[in-house]
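Examining the three-dimensional arrangement
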Amino acid sequence: MINVKDNLFLLHTDHTTYAFAIRDGALCEHLFYGSRLPDPKEGDDLLDALSHKVSHGKGTTVNYSKDGPLTLEDLPQEISSVGKGDYREPMIVLTYADGSRTSDFIYDSYEVSDEIRKIPGMPCAQAAENDRVSQLTLHLKERTKDVRLDLIYTAFEESDCITRRCVLTNAGEETLSIERLLSMQLDMRGGDFKMITFGGHWAREMERFDTNLVHGLHVNHTQTGVSSNRNNPFVIVADEAVTENAGEAYGFNLVYSGNHYEACEVSGFYGMRFVAGIDPEDFMWPLSKGESFASPEAVMTYSVNGLGGISRSMHAFVRKHIVRGPFADKPRPILLNSWEASYFNISESGLLKLAGKAAEAGVELFVMDDGWFKGRNSDTSSLGDWVADEKKLPGGIKRLSQKVHDLGLQFGIWVEPEMISEDSDLYRAHPEYALAIPGRDQSLGRNQMILDLTNPEVVSYVKNAMRSVFDGNGIDYVKWDMNRPFSDVWSPWLTKEEQGAAAHRYVLGLYDILETLTKEFPQILFEGCSSGGNRFDLGMLCYFPQIWGSDDTDAIMRTQIQTGYSYGYPMSVVSAHVSACPNHQTLRITPLATRFAVAAFGVFGYEINLCDLDKKEREEIAAQITLYKQWREVFFAGDFYRVSDRGWMVVSKDKSRGVAMVWNELNRPNDFRARLQTVGLDESAMYHVYNLPVKVDIREFGNLVNMIAPVHVKQDSVLHNAIAKFVQMDGEVEDFTVSGALLNRAGIVLSQDFGGTGYEGATRLFQDFASRMYFIERIK
């Protein structure tokens, strides 16, 4: 809801209010963003109470005008630039034809609409059916230059999110240069804030970093050409004392897949400014007469209910307004991906053998990963040559797809359309298709180069190449990969003046491809990937309803990685697989039950050679799949909660069912504090809480078995293994009927952990990397 009264603008969501005013008929002064305020009534001094007070000059500041002592250095604003005395991070920097860089954008007019104004060439949030959405466009003009700036705000009431973006138009005769045009700015008055960012690298994405904001500039950004695993665009600014469920917090994200920039600056007057948008480093966009440039869309939310409140608002926003198409609300099929089973060594017979085992286990989708196309036996060749290798697939993709379908499975395929190998027919025919600087040796990543998607001819090639793969081959699923960051960014297609925005123009070319292909093939479930989480962002989620969270499939690393994603993204968009042990990334050995429990909270699947498993392991996997199908709707559509440092929970929308999961890392002896406390249940309802039956392999006790064995048993001997075949020990049973109030407020004290002695059926054996799942059902 957007209310405008005189010079006061109020944007309301269900639980928040964003307020600003036009000061002295010109400047856009930010007033407030926080818990919802009532609209002012007659005689209400809301505007005066919140406005910035100025009675005299402030030290060595610069007065904005000759008319008074107002300085922009301390004024909370909706937009800032350089040259008029505001020395904090600017939102916009322009260079005019005369070489000057001072800009002074002032209010001109506004309009309010119930329809969302789309961004040409870029994705943005969309309205959901029967949703309450309204959009404010604030028209600004530069005080002396013929330049216009639109600030666009969209309020998504039910998800408590507001988006911001801007459009700059050159209405003058001379070309100007955009050096910086960020998407949003939020000025906050003094407080003890911290900035929470999420980053890392390959195989260890989304590690959480907390930085107290005391003074100066703190930046989260990337120059990799993609949104990157180094620094994800989702950030939080919160009270230093914020907790999971209490304290003020602001969440921010960007609907963009390229170089991004988020910065917090605490000024000498102790105010805090946050800005976000395209990274201005190495960015320059010439804007000629009559042309416009649009920034990507930024998303913001506020919660007084701590980090958990931010997460639930962002989750709702992503599900309703970012993910779209026929798969948006549709639970995803359980897949088996061939990569860690076969790597590049694939054949039709080998794939069908693996698919047969998948069908027996209850898998629903079989995916052929890398290695299927002409000459692709390693990562050194063939990218760009999207024709099936006849030696590996003698009947082509279509025959393999048909045989997989005959097994009762859907069929999926891996592609990496944005890349080109030097050793490829495409590069030999069109070396100009690659991003490369003439006369300079290329710096390669994963032995490959990047196609020049700033060039419309290359964009058309990619579209047509993918059409030839997708069309008529029975493709149900596509894993779209992108396995390297950018280097040597230069396009033969662009002029010298246009090179400064080559990275952004690449993103626009990519969006053109994705917009075309996802509309032409709506029946295909697309999954994004970029060496795992190197391009996990809201821009990609507008086209791909799920993204591979990390190439690291180790269950313990995945608890950390998926927890990191959960702060800003729903688990229904984070793909997670059960893989083999020792794990291929960490060489860690974790129980199959833990690998399942962790993966089940994401978009669930397997990446394991079922043909190499023994009968017991295949039976366990079949049982896991049966269980997952019974609870799939809860995992996919339920509300996700972080219930502890080593615990997650998901609760169905109607609060009738839930699953809690806890895990262990390194075991601690003689520690008996285990308790299951829930979040999000109906406190007026009664629930049945239970775990699955636990069977313990006697070999897990090593030679401790001799404390009860009538004869001596040598550890790992033939006798030891023979006993284990016939003797399994019962584990603990948790089975309670209790109220939602008890579960939410007090929790259940769980069975005593094994402490070195005294194991019997009521003891919980919770060793290194173990986990437990607890199922919760409302009693009717």
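A few points about the packing of aromatic side chains
- Evaluated as defined, the whole model comprises 46 aromatic pairs.
- Site record: aromatic cluster; members linked through ring pairs are Phe9, Tyr18, Phe20, Tyr33, Tyr107, Tyr110, Tyr153, Tyr250 and Tyr302.
- We note Lys58 situated over the ring of Phe269; from NZ or CZ to the ring centre the distance is 5.6 Å.
- Across from the ring centre of Tyr567, 3.7 Å away, lies the NZ or CZ of Arg642, which sits over that ring.

Digging into the packing of helix α7 (residues 456-470) against helix α8 (residues 502-520)
- Remark: α7 packs on α8, axes separated minimally by 10 Å, with the N-to-C direction vectors making an angle of 30°. The pairing of α7 with α8 is recorded here as roughly parallel in orientation. Handedness of the crossing formed by α7 with α8: right-handed. Contacts from Val459, Val462, Lys463, Met466, Arg467 and Phe470 of α7 reach α8 at Gly509, Asp512, Ile513, Thr516, Leu517 and Glu520.
- When grouped by side-chain class, the residues that make up the contact of α7 with α8 number six nonpolar, two polar and four charged.

Topic: the side chain of Ser134
- Checked against the element boundaries, Ser134 lands in strand β7 (residues 133-142).
- A polar atom in the side chain of Ser134 sits 3.5 Å from the backbone nitrogen of Met1.
- When sequence neighbours within four positions are dropped, the list of residues in contact with Ser134 reads Met1, Ile2, Ser113, Asp114, Tyr153, Thr154, Ala155 and Glu157.

Here we look at unusual backbone geometry
- In this structure, Pro582 follows Cys581 across a cis peptide bond, with omega equal to 0°.
- When you line up the elements, Pro582 lands in the loop between β29 (574-579) and α11 (592-600).
- At Ala203, a residue that is not glycine, the phi angle is positive and equals roughly 70°.
- Topologically, Ala203 is positioned in the loop between β11 (193-201) and β12 (204-213).
- When its relative accessible area of 9% is taken as the criterion, Ala203 is described as buried.

Thresholds applied
- Residues numbered from 1 in each chain as written.
- Predicted model: local features only at pLDDT ≥ 70, side-chain atom pairs only at ≥ 80, totals over all residues.
- Heavy atoms only, no water.
- Phe/Tyr/Trp six-rings, centres within 6.5 Å; stacked < 30°, edge-to-face > 60°.
- Lys NZ or Arg CZ within 6 Å of the ring centre and 35° of its normal.
- Axes fitted to C-alpha atoms, helices over the stretch in contact; angles between N-to-C directions.
- Helix = DSSP H or I, 4+ residues; strand = E, 2+ residues; numbered from the N terminus.
- Parallel < 35°, antiparallel > 145°, perpendicular 65-115°, else oblique.
- Left-handed = near helix turned anticlockwise from the far one by under 90°.
- Contact = heavy atoms within 4.5 Å.
- Nonpolar A, V, L, I, M, F, W, Y, C, P; charged D, E, K, R; others polar.
- Polar contact = N/O pair within 3.5 Å; in protein donor to acceptor, adjacent residues only side chain to side chain.
- Buried < 20%, exposed > 50% of the residue type's maximum accessible area, 1.4 Å probe, protein only.

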